[in-house]
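Letter by letter, the chains look like this.
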Amino acid sequence: MESFNGLLLVNKPQNMTSFDVVAIMRKKLHIKKIGHSGTLDPMAEGVLLLLIGKATKILPYLENTDKEYIATFELGKQTDTEDIWGKVTEEKEVHEIFDLQSLCNSFIGKQKQLPPMVSSIKVKGKKLYEYAREQIEVERPLRDIEIYDIEALDKNKIRVSCSSGTYIRSLIRDMAIQSGNIGCMSSLIRTRVGKFTLKDCYDLDEVDADTVQLHSIYEALSYLPMIEVENEFDVLNGKKIRLDTKEERVLMVKNKEALAIYRRHHQNVFGCERGLW
């Protein structure tokens, strides 16, 4: 399957890690070169981007992709993982939230977020969840995030559109505190990653090597400014090129095929940052 390159979108089920999905797809598709973008926790569901073949080269360019989630929460309970699957650390009487949408609206915008202790963020070269396992308290760095939109879908259900790196369980923790409660996340479905939604996803049992259709690298990187090249050989050889553009990074394409990502070196001279051949 030398030509089997592109993005495969799957709907990750609960009780499965993102790496479990990769392992299953390697067996189903008979290809080893598969990675994923945007890890989902084992109990979370939804859109998982699998990068196959040459598409693994574009992983760094998909890591900061905006996302959308639907989440539910439970008030009156806090856990060490900030979700219902963790150890309960505190319980408290519930104060009813009479206007959930107004509460949601107050969290829209750029802000600092304290990540959960059980996360993969590194502090002094060690992941936070590793400290948590050893019951060692460390200072967690605040993260810059942005919430684009939050919609109250039910009394304990929200839809969140946000920047990459946002922890929905931490958002729910903070929303509960602002309402005079404590609370934790009780379910999470990722409904969108960038332009790709759940409608674009395969269920795991639907994936078949003979019939599965991949999204192209060109489509995955369509958010980048594109330059149609006349002489693709210069690009394929990684030569520096003069371009009349104000952009700092561009996608070099030929007949809707992504050839390389070029970045400005100085003035109008661009060099190859990542070859996609």
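Only a predicted model underlies this, so the values are computations on that prediction, with no experimental measurement involved. Sequence positions are assigned chain by chain, starting from 1 and proceeding in written order. This being a predicted model, a pLDDT of at least 70 is required before a residue's local features are given, and a value of 80 or more before pairs of side-chain atoms are given or counted; all residues contribute to the totals for chains, interfaces and linings. Only hydrogens and water are removed before side-chain values are computed, so all heavy atoms of the structure are retained for them.

*Asks:* Break down the pattern of salt bridges for me, citing the residues and quoting the values.
*Replies:* Two side chains that carry opposite charge are able to pair once their charged atoms sit near each other. A pair is scored as a salt bridge if a Lys or Arg side-chain nitrogen falls within 4 Å of a carboxyl oxygen belonging to Asp or Glu. Overall, the coordinates contain 13 salt bridges when judged by the stated rule. Lys112 is the salt-bridge partner of Asp144, the closest N and O atoms lying 2.7 Å from each other. Note that Asp144 is positioned in strand E10 (residues 143–154) and Lys112 in strand E7 (residues 109–113), a separation of 32 residues in sequence. Relative accessibility under 20% of the residue-type maximum defines a buried residue, over 50% an exposed one, and the middle range a partly exposed one, all with a 1.4 Å probe and only protein chains included. Taking the relative accessible area as the measure of exposure, Asp144 reaches 60% and is therefore exposed. Asp149 is the partner of Arg159 in a salt bridge, and the nearest nitrogen-oxygen pair spans 2.5 Å. Of this pair, Arg159 sits in strand E11 (residues 157–162) while Asp149 sits in strand E10, and the two are 10 residues apart along the sequence. By relative accessible area, Arg159 is classed as buried at 16%. Classification of Asp149 by relative accessible area gives partly exposed; the value is 29%. Overlapping salt bridges, with partners in common, bring together Glu68, Asp149, Glu151 and Arg159 in one network. Per the convention used, a helix needs a DSSP run of H or I reaching at least four residues, while a strand needs a run of E reaching at least two, with both numbered from the N terminus.

*Asks:* Lay out the nonpolar core in plain terms, naming residues and giving numbers.
*Replies:* One broad trend across soluble globular proteins is that nonpolar side chains are buried collectively. Only buried residues count toward a nonpolar core. Its members are Ala, Val, Leu, Ile, Met, Phe, Trp, Tyr and Cys residues joined through side-chain atoms within 4.5 Å. Residues Leu100, Ile150, Ile158, Val160, Ile168 and Met175 are the most contacted members of the largest nonpolar core, which totals 22 residues. Only strand E4 (67–75), helix H2 (100–105), E10, E11, helix H4 (168–178) and strand E12 (183–193) provide two or more residues apiece to this core. Per-element accounting of this core gives the leading share, 4 residues, to H4. When neighbours within four sequence positions are excluded, Leu100 is seen to be in contact with Phe73, Ala152, Asp154, Lys155, Lys157, Ile158 and Met175. Tyr61, Val193, Ile217 and Leu276 belong to the second largest nonpolar core, which has 21 residues in total. A contact between two residues is defined here by any heavy atoms of the two lying within 4.5 Å.

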